Amino acid sequence: MRKFMVVLDDSRECLNAMRFAAMRAARTKGGVTVLSIIPPEEFNHWIGVGDIMREEQRERIEAHFQVFAKWMRDKQGVDPELVIREGEPVAEIIAQIADDPDVGVLVLGASDDRKGPGPLVSQLTRTAGSLPIPITIVPGDLSKERLEMIT
């Protein structure tokens, strides 16, 4: 089964990327992998404090994921999987693609900010030619109706 991998973060554009991945998966009988990455610099504290912060971050990610997962199951008939990795975001995205041969498309949301599409989109498009899968970049300001038409 081909899976669409989408990155779960706190950005506004993440919502459209999630919607797109779920709709495409539903229409192509594929799956969705939701990847969330905990950056290493968030835990540069004493070991005990860092462990507590890491666990709180995981709980927050899982709660956030459950909101998207419920929508995907109820509205699209897709049961997504959650993968949480720790490290540098671009390196962890590439590592997850390498670790899961069923991932066929990386879906990213692009910011509608005038400063650029966002750090992940900027960094990953620079290396897009060497990735083993295509990247789909979903505009953050695309309406729900337009997304439905496109998918």
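Let me begin by describing the structure that accompanies this report.

Here is what the cut-offs are and how they apply
- Residues numbered from 1 in each chain as written.
- Predicted model: local features only at pLDDT ≥ 70, side-chain atom pairs only at ≥ 80, totals over all residues.
- Heavy atoms only, no water.
- Core = buried A, V, L, I, M, F, W, Y, C linked by side-chain atoms within 4.5 Å.
- Buried < 20%, exposed > 50% of the residue type's maximum accessible area, 1.4 Å probe, protein only.
- Helix = DSSP H or I, 4+ residues; strand = E, 2+ residues; numbered from the N terminus.
- Contact = heavy atoms within 4.5 Å.
- Expected span 1.5 Å × (residues − 1).
- Axes fitted to C-alpha atoms, helices over the stretch in contact; angles between N-to-C directions.
- Parallel < 35°, antiparallel > 145°, perpendicular 65-115°, else oblique.
- Left-handed = near helix turned anticlockwise from the far one by under 90°.
- Nonpolar A, V, L, I, M, F, W, Y, C, P; charged D, E, K, R; others polar.
- Pairing = 2+ DSSP bridges.
- Salt bridge = Lys/Arg side-chain N within 4 Å of Asp/Glu carboxyl O.

### What about the nonpolar core?
Part 1 of the reasoning: Formed by 25 residues in total, the largest nonpolar core has its most connected members in Val6, Leu8, Met18, Val32, Val34, Met72 and Val107.
Part 2 of the reasoning: The dominant element in this core, judged by the number of residues it contributes, is helix α1 (residues 14-28), at eight residues.
Part 3 of the reasoning: If we skip the residues at most four places from it in the chain, Val107 touches Phe4, Met5, Val6, Val7, Ala17, Phe20, Ala21, Thr136 and Val138.
Part 4 of the reasoning: Counting 16 residues, the second-largest nonpolar core is a separate cluster that includes Met5, Ile37, Val121 and Leu124.

### Some thoughts on α1
Three- or four-residue spacings in an α-helix give side chains the same orientation, since the helix completes a turn every 3.6 residues.
Part 1 of the reasoning: Counted at 1.5 Å a residue, the expected span for α1 with its 15 residues is 21 Å, and the 21 Å between its end C-alpha atoms agrees.
Part 2 of the reasoning: For α1, the complete set of buried residues consists of Cys14, Asn16, Ala17, Met18, Arg19, Phe20, Ala21, Ala22, Met23 and Ala25.
Part 3 of the reasoning: In the stretch just after α1, Lys29 is the one whose phi turns positive, near 60°.

### Section: the environment of Lys115
Part 1 of the reasoning: Within the secondary structure layout, Lys115 lies in the loop between β4 (103-110) and α4 (119-126).
Part 2 of the reasoning: Along the chain, Lys115 and Gly104 lie 11 residues apart, while their C-alpha atoms are 29 Å from each other.

### Topic: the packing of helix α3 (residues 89-99) against α4
For any two helices packed against each other, the geometry comes down to the angle between their axes and how far apart the axes lie.
Part 1 of the reasoning: At a minimum axis separation of 10 Å, α3 and α4 run at an interaxial angle of 60°. Accordingly, the angle class assigned to the pair α3 and α4 is oblique. Of the two elements, α3 crosses α4, and the hand of that crossing is right-handed. On α4, the residues that touch Pro89, Val90, Ile93 and Ile94 of α3 are Leu120, Gln123 and Leu124.
Part 2 of the reasoning: Per-class residue counts for the contact of α3 with α4 are six nonpolar, one polar and no charged.

### Brief notes about the sheet that holds strand β3 (residues 81-86)
Neighbouring strands of a sheet are bound in pairs by backbone hydrogen bonds; such pairs are parallel or else antiparallel.
Part 1 of the reasoning: Overall, parallel pairing links the five strands, which are arranged β3-β2-β1-β4-β5 in an open sheet. Each of the sheet's edge strands pairs with one partner strand only, and the pair in question is β3 and β5 (135-139). The average angle at which neighbouring strand axes cross in this sheet is 30°, direction not considered.
Part 2 of the reasoning: Looking at chain direction, strand β1 (residues 3-7) and strand β2 (residues 31-38) are connected through five bridges and run parallel.

### A short note on the pattern of salt bridges
Part 1 of the reasoning: According to the stated counting rule, one finds 10 salt bridges in the structure shown.
Part 2 of the reasoning: Note that Glu86 and Arg58 form a salt bridge whose closest N and O atoms lie 3.2 Å from each other. Within this pair, whereas Glu86 is found in strand β3, its partner Arg58 is found in helix α2 (residues 47-76), the two being separated by 28 residues in sequence.
Part 3 of the reasoning: In this structure Arg58 comes out as partly exposed when scored by relative accessible area, which is 24%.

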